[in-house]
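Survey of secondary and tertiary structure
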Amino acid sequence: MQKPMTAPVPRKIVNDPVYGFITIDHPLVFRVISHPYYQRLRRIQQMAFAQLVYPGAVHTRLHHSLGAYHLMCNALNELRSKGAEITAEEDTAVKIAILLHDIGHGPYSHALEQTLIEGVHHESISLLIMQKLNQQFDGALDLAICIFTGKYHKPFLHQLISGQLDVDRMDYLTRDSFFTGVSEGVIGYDRILKMLTVHDGELMVEEKAIYSIEKFLVARRLMYWQVYLHKTVLCAEKMLVTIIRRARHLIRSGEIVTAPSRVLNYFLQQQEPVDIAQHLDKFCQLDDYDVMGAIKDWTGHPDKVLAALCRMLVDRQLLKVKLQAEPVSEEIISAQRRALAEQAGIGVEDAACLVFSGEASNTTYDPYEERINILFKDGTVKDISQVDNALIQHNLSRPVKKYYFCYLNPAAAPALLQGRTC
């Protein structure tokens, strides 16, 4: 008797410039990737305005998500080969969790975090989107959500998604260094994956990988100060935040500020913080194109300050920026604002949009957060900061702060504020 035909499992191969071929061979994973919520990640850049310094940094959140998925596949295979018990259901669930870990990012990722959607972190939105997808998929993502939220009884699966040595960080360091051309960010991700192990249910690294972990932490530190917190990148992203805040301030003051995008208009017009759980469909229509379309449109807005900021960002005529070890004094900031206001014929409060300061900080390794545990051959376990190694213990566990000062040169202000190119 002939056996009934079964539907073939969809199998897709993605050619990734960093890792080569990435295989998608599970029907549920394929459904997740095919969903419009996930496809939106094609329209959100991974590194926001880093492309203004590193022109090659135009890869998207979708690239990063697929890369993290690929590393997760490799990590699971490695852990299984060392005796870790991972069922087929857990395997699929943790892969879906890493695919969706960044799905809650809004336009320009971290640059507009808690600005466009006030008071809401992207991880909270990611969870809300996962829960909505779970409803659409009839509960098929229950286990993925349990692992993502750290409630599953096998903590090492969550640690692969979110920790100081997760596949998320491994991919973004590898991918961002590749697309920026910053070789200092290259890590030995393949060796680290080979050295992963599970001990007492926790994710750990074998003793042989200590130097690879050091390289990973040093590369992360260098990438933050050379790329992610580069002074020009920082300035452009703060200008973007200022533009959105200026537009919202004008709207709340009764002035007309509209964007070409209907969904962006909706979020800009809100007088109170939005209950994002009630507006996930609107949020999942937002992307970088909406924001940049509005910025291009506002270059001709009657408000001189908003128009000038938008022209400067579009044309890459950014504010001057200084990065220093000490905070900028209020006297210097106030004096610069007064000089700009006088020269440009605007109010001092308006000048605050063109002269501002703040701080940027980064901790390469914080032993009080999720730890990187080293498993020694004799069975003992030590945090990487407790290993007899001065590099980690003395240099990388302390936070580093730098203070930025962004300002418009008063001499250039009249031309910019009148709409002329400098």
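These remarks concern the structure in this document. (Residues numbered from 1 in each chain as written. Predicted model: local features only at pLDDT ≥ 70, side-chain atom pairs only at ≥ 80, totals over all residues. Heavy atoms only, no water.)

1. Thoughts on the overall build of the chain
Put simply, the rule is: Going along the chain from the N terminus, every DSSP run of H or I of four or more residues is numbered as a helix, and every run of E of two or more is numbered as a strand. Note on method: radius of gyration uses C-alpha positions; expected globular size equals 2.2 Å times residues raised to 0.38. The cut-offs for exposure are 20% and 50% of the maximum accessible area for each residue type, with area from a 1.4 Å probe on protein chains only; residues under the lower value are buried, those over the upper are exposed, and the others partly exposed. Each accessible area value is a Shrake-Rupley result obtained with a 1.4 Å probe; residue values ignore everything except the protein chains displayed when judging cover. Two residue types count as positive, namely Lys and Arg, and two as negative, namely Asp and Glu; His and chain ends fall outside the count. By convention, the point assigned to a charge is CZ for Arg, NZ for Lys, CD for Glu and CG for Asp.
Check the secondary structure of the chain and you find 19 helices and nine strands. The C-alpha radius of gyration computed for the chain amounts to 24 Å, which stays within 12% of the reference 22 Å derived for 422 residues, consistent with globular compactness. Overall, the chain is about 80 × 60 × 35 Å in size when its C-alpha atoms are taken along their principal axes. A total of 422 residues make up the chain; the buried ones form 54% of that total. Of the roughly 19200 Å² of accessible surface on the chain, 50% is carried by carbon and sulfur atoms. Distance between charge centres in the chain, computed from 45 positive and 48 negative side chains, equals 5 Å.

2. Quick look at the pattern of salt bridges
As a reminder of what qualifies: By definition here, a salt bridge exists when the distance from a side-chain nitrogen of Lys or Arg to a carboxyl oxygen of Asp or Glu is within 4 Å.
Within the structure shown, the criterion is met by 17 salt bridges. Taking the shortest distance from any N to any O, the salt bridge between D91 and R80 comes out at 2.8 Å. Here D91 is found in helix α4 (residues 88-99), whereas its partner R80 is found in helix α3 (residues 61-81), with eleven residues between them in sequence. Close ionic contact of R246 with D303 constitutes a salt bridge, the shortest N to O distance being 2.9 Å. Linking R246 in helix α11 (residues 231-252) with D303 in the loop between α14 (288-298) and α15 (304-315), this pair joins segments that are 57 residues apart in sequence. As far as burial versus exposure is concerned, R246 and D303 are alike and both buried.

3. Topic: the packing of aromatic side chains
Rules: Pairing of aromatic rings covers Phe, Tyr and Trp, the last through its six-membered ring, and needs centres within 6.5 Å; plane angles under 30 degrees mean stacked, over 60 mean edge-to-face, and all others mean tilted. Should the NZ of a Lys or the CZ of an Arg lie within 6 Å of a ring centre and within 35 degrees of the ring normal, that charge is described as sitting over the ring.
One pass over the structure, following the stated rule, counts seven aromatic pairs. A ring pair is formed by Y224 and Y228, whose centres lie 4.9 Å apart and whose planes are at 70 degrees; its orientation type is edge-to-face. Of this pair, Y224 and Y228 both sit in helix α10 (residues 210-228), four residues apart, which is roughly one turn of that helix. In this pair, the class of Y224 matches that of Y228, namely buried. Following the ring pairs from residue to residue traces out a cluster consisting of Y172, Y224 and Y228. One residue, K402, lies across the ring of W225, its end atom 4.5 Å from the ring centre.

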